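Breakdown of the fold
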Amino acid sequence: MHDIRALRADPSAFDADLARRGMAPVSAQLLAWDEEKRQAQTLLQDKQTRSKTLAREIGTLKRTGGDTAGLEAEGASLRADMEGLKEKVDTLGNQTTNLLATLPNRLDPSVPDGPDETANVVVQTWGTRPEFACAPKQHFELGEALGQMDFATAAKLSGSRFVVLRGALARLERALGQFMLDLHTTEHGYTETQVPVLVNDDAMYGTDKLPKFADQSFRTEDGRWLIPTAEVPLSASVAGDIVDGSALPMRLTALSQCFRSEAGASGRDVRGMLRQHQFEKVEMVSVTTPEESDAEHERMTRCAEVVLEKLNIPYRRMLLCAGDTGFGAAKTFDLEAWLPGQDTWREISSCSNTRDFQARRMNARYRAQAGGAPAFVHTLNGSGLAVGRTLIAVMENYQNADGSITVPEVLRPYMGGLERIA
């Protein structure tokens, strides 16, 4: 999570980073606990040393028939003191760890200040927005008119925020996922990976989803979690490892089902597929060295952009401001696709550099050379892309006046040559 040594070295900078996220200072409390803990540890070590010496003295006296009563009384007092000190060290350590676990990553200096998405910065815009002879429709209007997007049946089966896709639209969603996987594995150097969609507490904690986002996730009765994204199992696959530096960067990708409770999203994006409890996403994860992580962040974001360019979907890259950057991220680029039916830009990918924030939580390290000291890796994650949202973007940008949807050329091989959904 956070390096306590860096906090000791410059507590004001630590608090300043929190202030950029609108949070109160905590360094004074953390350093007070840290100092009290270190004092207790020093005292404990002194008493442990005396206890070992005392044990030898008692042993010598017993062999010579000497009186050990006074030393044994001192030993009993030492044991009681050590037990109390151990409890104090553990308590202070837990207090520190629990507080640190709730604190977000430190922001990169290039992240702009700002309280929310209104302060995000447009880095670049790509593509030409399509023009229509009449007002473009939203994806759910198109899908329901085609009889291939069914929210009523999904609600009957599962409740709100689910959808049933049928026919060519179901195949189009599958085509998008396969196309993205093929692109990332054959052209972008990612290794395709099949991952579990159920993970344990350690995997969620290590990838900064616990304790912060417990209410955003679904948990099974046996204590496992449905993954909010394949970032969790992909990143956590190196938890506890010391990776050979020559194997870095590791680039992994997976197409998986994702699950989010959408707690706090009541009333937002109620219509359509934008905000679902269950959805598919192609995830990209990189594990690399500190020296290469900034370049890897740019590379990853570019891989996501290529998907949109090959689909000819207009998009813009956004640099998120301090108040909109996610809990675990030091810096994030969002890609927003143009949705004609909504007449607005919508996030379709988020690519984040977490630096060593996750690595510290899950003790993921690498060794640069034989005999060298291990250091924490840097982990990055990004959507390449959210499949459901990409389906929305394709439907709205490729819609026709008669309600049909033209299939993008790059997807036609995955659709058996189908050119139009009608």
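Procedures and definitions
- Residues numbered from 1 in each chain as written.
- Predicted model: local features only at pLDDT ≥ 70, side-chain atom pairs only at ≥ 80, totals over all residues.
- Heavy atoms only, no water.
- Pairing = 2+ DSSP bridges.
- Helix = DSSP H or I, 4+ residues; strand = E, 2+ residues; numbered from the N terminus.
- Salt bridge = Lys/Arg side-chain N within 4 Å of Asp/Glu carboxyl O.
- Buried < 20%, exposed > 50% of the residue type's maximum accessible area, 1.4 Å probe, protein only.
- Expected span 1.5 Å × (residues − 1).
- Contact = heavy atoms within 4.5 Å.
- Core = buried A, V, L, I, M, F, W, Y, C linked by side-chain atoms within 4.5 Å.
- Domains from an automatic or database assignment.
- Buried area = accessible area lost by both parts, 1.4 Å probe.
- Polar contact = N/O pair within 3.5 Å; in protein donor to acceptor, adjacent residues only side chain to side chain.
- Nonpolar A, V, L, I, M, F, W, Y, C, P; charged D, E, K, R; others polar.
- Axes fitted to C-alpha atoms, helices over the stretch in contact; angles between N-to-C directions.

Reading across from one edge, β7-β13-β14 is the order of the 3 strands in this open sheet, with mixed pairing throughout. Two strands close off the open sheet at either side, each with one partner strand: β7 (242–244) and β14 (375–376). Across 3 bridges, the pairing between β7 and strand β13 (residues 365–367) is parallel. Bridge pairing in β13 places Asp244 opposite Arg367.

When the charged atoms of two side chains with opposite charge come close together, those side chains can pair. Within the structure shown, the criterion is met by 30 salt bridges. For Asp34, the salt bridge goes to Arg38, with nearest N and O atoms at 3.5 Å. Of the two residues, Asp34 and Arg38 are both situated in helix α3 (residues 27–64); the distance of 4 residues between them amounts to about one turn of the helix. Look at Asp34 and you get buried, because its relative accessible area is 8%. Close ionic contact of Glu36 with Lys88 constitutes a salt bridge, the shortest N to O distance being 3.4 Å. In this pair, Glu36 is assigned in helix α3 and Lys88 in helix α4 (residues 69–100), connecting sequence segments 52 residues apart. Taken together, the shared-partner salt bridges in this structure form one network comprising Glu298, Arg302, Glu305, Glu309 and Arg317.

Take helix α10 (residues 293–311) next. In a regular helix each residue adds 1.5 Å, so 19 residues correspond to 27 Å; α10 covers 28 Å between its end C-alpha atoms and thus fits that length. Listed as buried for α10 are Ser293, Glu296, His297, Met300, Thr301, Cys303, Ala304, Glu305, Val306, Val307, Leu308 and Leu311. In the segment just after α10, Asn312 is the residue with positive phi, at about 60°.

Looking now at α4. Three- or four-residue spacings in an α-helix give side chains the same orientation, since the helix completes a turn every 3.6 residues. Compared with the 46 Å implied by 1.5 Å per residue over 32 residues, the 46 Å span of α4 between its first and last C-alpha is a close match. On its buried face, α4 sits against α3.

The next thing to look at is the nonpolar core. Core analysis: the biggest nonpolar cluster contains 49 residues, and Met149, Leu172, Leu176, Met180, Ile313 and Ile421 have the highest contact counts within it. Elements represented by at least two residues in this core include exactly α5 (139–146), α7 (167–186), β9 (278–288), α10, β11 (331–339), β12 (344–353), β15 (378–386) and α12 (387–397). At 9 residues, α7 tops the list of elements feeding residues into this core. If near-sequence neighbours (up to four positions away) are discounted, Ile313 is found in contact with Trp126, Leu308, Ala337, Ala393, Val394, Asn397 and Tyr398. Counting 15 residues, the second largest nonpolar core, distinct from the first, contains Val238, Ala254, Ala359 and Met362.

Attention now moves to the domain arrangement of the protein chain. We note that the domain assignment places domain 1 (4–102) and domain 2 (117–421) within the protein chain. Residue-level contacts link 5 residues of domain 1 with 9 residues of domain 2. Taken together, both faces of the contact between domain 1 and domain 2 bury some 570 Å²; the carbon and sulfur share is 45%. On the surface where domain 1 and domain 2 come into contact, there are 3 residue pairs in polar contact (both at pLDDT 80 or more). The class makeup of the residues in the side of domain 1 that touches domain 2 is 1 nonpolar, 2 polar and 2 charged.

Its location among the elements puts Gly75 in helix α4. For the pair formed by Gly75 and Cys321, sequence separation is 246 residues and the distance between their alpha carbons is 59 Å.

Along the polypeptide, Ala373 turns up in the loop between β13 and β14. Looking at Ala373, the relative accessible area reads 66%, which means it is exposed.

So, about the sheet that holds strand β4 (residues 191–192). Overall, mixed pairing links the 8 strands, which are arranged β1-β10-β11-β12-β15-β9-β8-β4 in an open sheet. The sheet is open, and its two edges are formed by β1 (121–126) and β4, each paired on a single side. Two elements, strand β10 (residues 315–319) and β11, share 5 bridges in a ladder whose sense is antiparallel. Paired with Leu319 across the two strands is Phe333, which belongs to β11. Where α7 meets the sheet, it contacts β4, β8 (250–259), β9 and β15, and its direction lies at approximately 165° from that of β8.

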